[in-house]
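Chain residues, written in single-letter form:
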Amino acid sequence: MKIKTMIIAGSIAFLAAACSNKGNPEYDAALSSLEKIIVEYESVAKKENFCMEDSLKLMQEITPQMNAMNQKLQAFNASKEEPSAAQRERYIALTQRMSAALQLLSTKNPAGC
């Protein structure tokens, strides 16, 4: 339960930072990186059995990626450039996917597989 709480808390912090983002020419690349992270969460969340290995993968591999993304988003925020309408729409769609994956993941209990 502690690991899930840490994952969810980290994800919420990440999404909150992303929400305050102002655009940057590299914003599309950042959104692509965010999508790769979300795909990882979705793949783990959709598994019937949530193994300890999955939990470790989220903590050891994906959390550092989220932290790096958070730093990028903070830099974008400092640039004070607005994202385009298409970028905002893509971001909203991605955050909805992340939210759905986190909700599904929160219903699972890590177990040895």
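Residues numbered from 1 in each chain as written. Predicted model: local features only at pLDDT ≥ 70, side-chain atom pairs only at ≥ 80, totals over all residues. Heavy atoms only, no water.

Student: How should I be thinking about the confidence of the model for the protein in this particular structure?
Tutor: The predicted coordinates of low-pLDDT regions are not to be read in fine detail. Across the protein, pLDDT averages 78, with 76% of residues at or above 70. Per-residue pLDDT, averaged within each element of the protein, yields its smallest value for helix α1 (residues 2-19) (52) and its largest for helix α4 (residues 85-106) (91). Confidence drops under pLDDT 50 across residues 13-22; counting only partners more than four residues distant or on other chains, this segment forms 26 contacts. (pLDDT = per-residue confidence, 0-100. Helix = DSSP H or I, 4+ residues; strand = E, 2+ residues; numbered from the N terminus. Contact = heavy atoms within 4.5 Å.)

Student: In this structure, what is going on with the environment of K47? I would like to understand it.
Tutor: Along the chain, K47 turns up in the loop between α2 (27-45) and α3 (52-79). A residue is classified by how much of its surface remains accessible, and K47, at 38% relative accessible area, is partly exposed. Placed 58 residues apart in sequence, K47 and L105 show a C-alpha to C-alpha distance of 9.2 Å. At a separation of 2.7 Å, a polar atom in the side chain of K47 contacts the side chain of D54. (Buried < 20%, exposed > 50% of the residue type's maximum accessible area, 1.4 Å probe, protein only. Polar contact = N/O pair within 3.5 Å; in protein donor to acceptor, adjacent residues only side chain to side chain.)

Student: Honestly, the packing of α2 against α4 in this entry has me stumped. Any pointers?
Tutor: A pair of packed helices is characterised by two quantities: the angle between their axes and the separation of those axes. At a minimum axis distance of 9 Å, the contact between α2 and α4 shows a crossing angle of 20°. Here α2 is positioned roughly parallel relative to α4, judged by the angle of their axes. Handedness of the α2/α4 crossing: left-handed. Where α2 approaches α4, its residues Y27, D28, L31, S32, L34, E35, I38, V39, Y41, E42, V44 and A45 are matched on the opposing element by Q87, R90, Y91, L94, R97, M98, A101, L102, L104 and L105. In terms of residue class, the contact of α2 with α4 is made up of 15 nonpolar, two polar and five charged. (Axes fitted to C-alpha atoms, helices over the stretch in contact; angles between N-to-C directions. Parallel < 35°, antiparallel > 145°, perpendicular 65-115°, else oblique. Left-handed = near helix turned anticlockwise from the far one by under 90°. Nonpolar A, V, L, I, M, F, W, Y, C, P; charged D, E, K, R; others polar.)

Student: Could you clarify how one ought to interpret the nonpolar core in this entry?
Tutor: Buried together is how nonpolar side chains tend to be arranged in soluble globular proteins. Counting residues in each nonpolar core, the largest one holds 22 residues, and the members touching the most others are L34, Y41, L58 and L105. Take this core: its biggest share by element is nine residues, from α2. (Core = buried A, V, L, I, M, F, W, Y, C linked by side-chain atoms within 4.5 Å.)

Student: So what exactly am I meant to see when it comes to α3 here?
Tutor: Since the α-helix advances by 3.6 residues per turn, residues separated by three or four positions end up pointing in the same direction. The terminal C-alpha atoms of α3, which comprises 28 residues, lie 40 Å apart, in line with the 40 Å expected from a rise of 1.5 Å per residue. At I62, α3 shows its maximal bend, which comes to roughly 40°, and the proline P64 appears one to four places after that position. Phi turns positive one or two residues past the end of α3, at K80, with a value near 60°. (Expected span 1.5 Å × (residues − 1). Bend = angle between axes of the 7 residues up to and from the residue.)

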